[in-house]
Amino acid sequence: MADWLKLFRKYLPARFAGRRFILGDYHFDLTSFEGDVADWLSKFPISSANVEIYLALAELFRRRGEFDKAVAVHEAIALAELAEHNPTELSLEIAQDYYAAGMLGHAEEVLRRALVGADDEHSRQAFRLWLAILESEQDWQRAVELVEQYGLPGSGGVRLVNLYCEYILQIQLTQAPALVQGVLKKARKLAAGSRIDLLSAQIATTEQRFSTAIRHYKRLIRNDPRRIHLALAPLQALAQAESHETTLLPFLQQLYAKHPSVRILEAIVDLHQSSGAVLAPKWQQYVQLQVMSGDSYQLTLYWLSQKEPLPTAVMDVLSPALQRQSLAGSDVHQCSECGFQSARMRWQCPQCESWETICSRYESKIAQSPKKVG
């Protein structure tokens, strides 16, 4: 063993960064590698004694972006047919190399072969990687087919529902409505996540099935108030167009008791103003509390309108400051899994790749707060 390590160090270039590996009673530092991989493999054929070093070297190549060298090493290990290394596991490593290199077609072919005869654990790994590839390619139809064939992924039905939603958005302008409705039905049957209600409401609105759209919007914000900022404005517009304000108002009042969002209170005030009804003292108090929080420019203007008019010069100074401090200018979308923030709504987090974990930061705080109103 000592002679082998001496020979290894002799041919190991000086440009190696510090990675320490233990081999029996010996250890050495691995840093970087340059040179011809095929020449290196011919000088030091892969064996049980050095395979861990080669695996570490392949990992180093992948981190450095030298994916062709990583593939060469992993393929050489697979050809060595060492008893202690599972061929499927090595195939997954090769697929990872191709995936990291952006050679997605090659990665898919390797994964397709790896799934044949693989045990449960390796099948799950191959499945997750293959699904990540199809998601990155935005090949939603094949992603749906893969999940339907091999079962639900790690995040359960929420992930599959979102794959259905992406597929619907991809085909709704080019395919027959019956196909779109069929996919919608599959997604709704899973009863997971919030997005399918939003998409169902939007499609029903396009098809002028307004009562159905209202029902989907209500279910969305009832089940997941963190999505109020996506559903409340179109729900309010549909209710006014269909003369459903009388049923929308009590719905929003009940919702506000459980989820006291300034957005809901803005809608309640709007409905009172459009109908000419006077806001009850209890709701006037809620308005004052929200004005004190500084989250709503709209409610602040409403509250001021109930008082003695301020001089125009004063309002000219106050208005820009109030608008900057209001929720419209301060709220962001934040992932509940990794903390990623975005100015716009995303259904899949680009950082941790989770589905439906990005919500309004403000609405999420309201949902988590134990304080309710009554």
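This text goes with the structure placed above it.
What you see is a predicted model; the values in this text were computed from it and never measured.

S.K.: Help me understand the pattern of salt bridges, please; the structure alone is not making it clear to me.
M.R.: Should their charged atoms come close, side chains of opposite charge can pair. Throughout the structure, instances matching the rule amount to 11 salt bridges. When the shortest N-O distance is used, the salt bridge between Arg263 and Glu363 registers 2.7 Å. Taken together, the residues Arg263 in helix H15 (residues 262-275) and Glu363 in helix H20 (residues 361-368) connect sequence positions 100 residues apart. One continuous salt-bridge network, built from bridges that share partners, spans Asp224, Arg226 and Arg227.

S.K.: How should the nonpolar core be read in this particular structure?
M.R.: Note that soluble globular proteins tend to have their nonpolar side chains buried in a common cluster. Core analysis: the largest hydrophobic core is formed by 82 residues, its most contacted members being Leu111, Leu163, Ile221, Leu252, Ile264 and Ile268. Per-element accounting of this core gives the leading share, 8 residues, to helix H9 (residues 157-171). Counting 17 residues, the second largest nonpolar core, distinct from the first, contains Val37, Leu57, Val73 and Leu82.

S.K.: Can you help me understand the packing of helix H14 (residues 245-258) against H15 in this one?
M.R.: How two helices sit against one another is set out by the angle between their axes and by the gap between those axes. One can describe the packing of H14 onto H15 by two numbers: an axis separation of 10 Å at closest approach and a directional angle of 150°. Relative to H15, the element H14 lies roughly antiparallel. Both H14 and H15 take part in a crossing whose hand is left-handed. Between H14 and H15, the residues in contact are Glu245, Leu248, Leu249, Leu252, Gln253, Leu255 and Tyr256 and Ile264, Leu265, Ala267, Ile268, Leu271 and His272, respectively. Grouping the constituent residues of the contact of H14 with H15 by class yields 10 nonpolar, 2 polar and 1 charged.

S.K.: Please explain the packing of aromatic side chains as it appears in this structure.
M.R.: Note on aromatic pairs: each is described by the distance of the centres and the angle between the planes. The tally for this structure, following the rule as stated, stands at 4 aromatic pairs. Between Tyr256 and Trp283 the ring centres are 5.6 Å apart and the planes differ by 55°, which places this aromatic pair in the tilted class. Linking Tyr256 in helix H14 with Trp283 in helix H16 (residues 281-293), this pair joins segments that are 27 residues apart in sequence. Here the aromatic rings of Tyr256 and Tyr286 are separated by 5.6 Å at their centres, their planes lie at 45°, and the arrangement is tilted.

S.K.: Honestly, the environment of Val71 in this entry has me stumped. Any pointers?
M.R.: Its location among the elements puts Val71 in helix H4 (residues 67-80). Classification of Val71 by relative accessible area gives buried; the value is 8%. Expressed as a C-alpha distance, the spacing of Val71 and Glu59, which sit 12 residues apart in the sequence, is 10.0 Å. Non-local contacts of Val71, meaning those with residues more than four positions away in its chain, are made with Ile94, Asp97 and Tyr98.

Scoring rules and cut-offs
Residues numbered from 1 in each chain as written. Predicted model: local features only at pLDDT ≥ 70, side-chain atom pairs only at ≥ 80, totals over all residues. Heavy atoms only, no water. Salt bridge = Lys/Arg side-chain N within 4 Å of Asp/Glu carboxyl O. Helix = DSSP H or I, 4+ residues; strand = E, 2+ residues; numbered from the N terminus. Core = buried A, V, L, I, M, F, W, Y, C linked by side-chain atoms within 4.5 Å. Buried < 20%, exposed > 50% of the residue type's maximum accessible area, 1.4 Å probe, protein only. Axes fitted to C-alpha atoms, helices over the stretch in contact; angles between N-to-C directions. Parallel < 35°, antiparallel > 145°, perpendicular 65-115°, else oblique. Left-handed = near helix turned anticlockwise from the far one by under 90°. Contact = heavy atoms within 4.5 Å. Nonpolar A, V, L, I, M, F, W, Y, C, P; charged D, E, K, R; others polar. Phe/Tyr/Trp six-rings, centres within 6.5 Å; stacked < 30°, edge-to-face > 60°.

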